[in-house]
Amino acid sequence: MKTRLLSIAIALVAAASVAQADPQSSLSSVVVHSERSSAKAPRSGHTLDCTPPNSMAECAAFHNEIRRNFNGREIGMLFGAATAYPEYRSSYDNVVRRYDAFARAYDEQHLTAFASTK
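Residues numbered from 1 in each chain as written. Predicted model: local features only at pLDDT ≥ 70, side-chain atom pairs only at ≥ 80, totals over all residues. Heavy atoms only, no water.

Participant: Whenever I open this one, helix α3 (residues 72–79) confuses me. Can you help?
Facilitator: Residues lying three or four places apart along an α-helix face the same way, a consequence of the helix completing one turn every 3.6 residues. Regarding α3, the residues found buried are E74, G76, M77, L78 and F79. Put simply, N71 is the residue that caps the front of α3, since its side-chain oxygen is 3.0 Å from the backbone nitrogen of R73. (Buried < 20%, exposed > 50% of the residue type's maximum accessible area, 1.4 Å probe, protein only. Helix = DSSP H or I, 4+ residues; strand = E, 2+ residues; numbered from the N terminus. Polar contact = N/O pair within 3.5 Å; in protein donor to acceptor, adjacent residues only side chain to side chain.)

Participant: Which parts of the structure should I look at to understand the packing of aromatic side chains?
Facilitator: Any two aromatic rings considered together are summarised by their centre-to-centre distance and by the angle between their planes. One pass over the full model with this rule turns up 8 aromatic pairs. With 5.4 Å between their ring centres and 85 degrees between their planes, F79 and Y99 make a pair best called edge-to-face. A residue pair is termed long-range when its members are at least 10 positions apart, and F79 in helix α3 and Y99 in helix α4 (residues 88–116) qualify at 20 residues. Under the relative-accessibility criterion, F79 is labelled buried at 13%. For Y99, a relative accessible area of 0% corresponds to the buried category. Aromatic ring contacts, followed pair by pair, group F62, F70, F79, Y99, F102 and Y106 into a single cluster. (Phe/Tyr/Trp six-rings, centres within 6.5 Å; stacked < 30°, edge-to-face > 60°.)

Participant: Honestly, the nonpolar core in this entry has me stumped. Any pointers?
Facilitator: In globular proteins that are soluble, nonpolar side chains generally tend to be buried together. Counting residues in hydrophobic clusters, the biggest one holds 16 residues, and the most contacted among them are F62, I66, F70, L78, Y99 and F102. Listed by contribution, the elements that provide at least two residues to this core are α2 (60–69), α3 and α4. It is α4 that provides the largest number of residues to this core, a total of 7 residues. If we ignore the near neighbours within four places in the chain, the residues touching F102 are F62, E65, I66, N69 and F70. (Core = buried A, V, L, I, M, F, W, Y, C linked by side-chain atoms within 4.5 Å. Contact = heavy atoms within 4.5 Å.)

Participant: Sorry, what's going on with α2 here?
Facilitator: Inspection of α2 places F62, H63 and I66 among the buried residues, and these make up the whole buried set. Looking straight down α2, one finds its buried side chains confined to an arc of 100 degrees; they lie on one side. In α2, the exposed residues that point more than 90 degrees away from the buried face are R67 and R68. (Arc of directions from axis to C-beta.)

Participant: Help me out: how do you make sense of the pattern of salt bridges in this one?
Facilitator: As a working rule, side chains carrying opposite charge can pair if their charged atoms are close by. On inspection of all chains with the given rule, the structure shows 3 salt bridges. In this structure, E87 and R73 form a salt bridge, with 2.8 Å as the shortest nitrogen-oxygen distance. Of this pair, E87 sits in the loop between α3 and α4 while R73 sits in helix α3, and the two are 14 residues apart along the sequence. Two residues, R98 and E74, come together in a salt bridge whose shortest N-O distance is 2.8 Å. Separated by 24 residues along the polypeptide, R98 in helix α4 and E74 in helix α3 bring together distant segments of the chain. A residue is classified by how much of its surface remains accessible, and E74, at 14% relative accessible area, is buried. (Salt bridge = Lys/Arg side-chain N within 4 Å of Asp/Glu carboxyl O.)

Participant: What exactly am I supposed to notice about the state of the cysteines here?
Facilitator: Disulfide: a covalent bond connecting the sulfur atoms of a pair of cysteines. This model, assessed by the stated rule, comprises 1 disulfide. One disulfide in the model links C50 with C59; its S-S distance is 2.1 Å. What sets the handedness of the C50 and C59 disulfide is the S-S torsion sign, and at about -70 degrees it is left-handed. As far as the burial class goes, C50 and C59 line up, both buried. (Disulfide = S-S within 2.5 Å.)

If you want it as structure tokens, here you go:
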């Protein structure tokens, strides 16, 4: 019985070493891309990327507006680990749509105001 287990163990070790030595069996590198909405991507038309957690002084007004329009859990879903929130499955898409509309409106309002001052 011990001889049989020993021979099986030797066979497994031999198979593992052959598989490891074969260059064809090595895994290729993995590149991870986010397919989330524009919540993490720079917003078009805006010269600054004020996506949180950006601490630039120029972004403070935008961040205040985000806090005024979204609650803490929604902000966590948008800019943190979205799947950590129980409401992720039922409300994430709606929160992302609201954020996209909010960001577009904010850009339009502030880019128009910026253009009129020049």
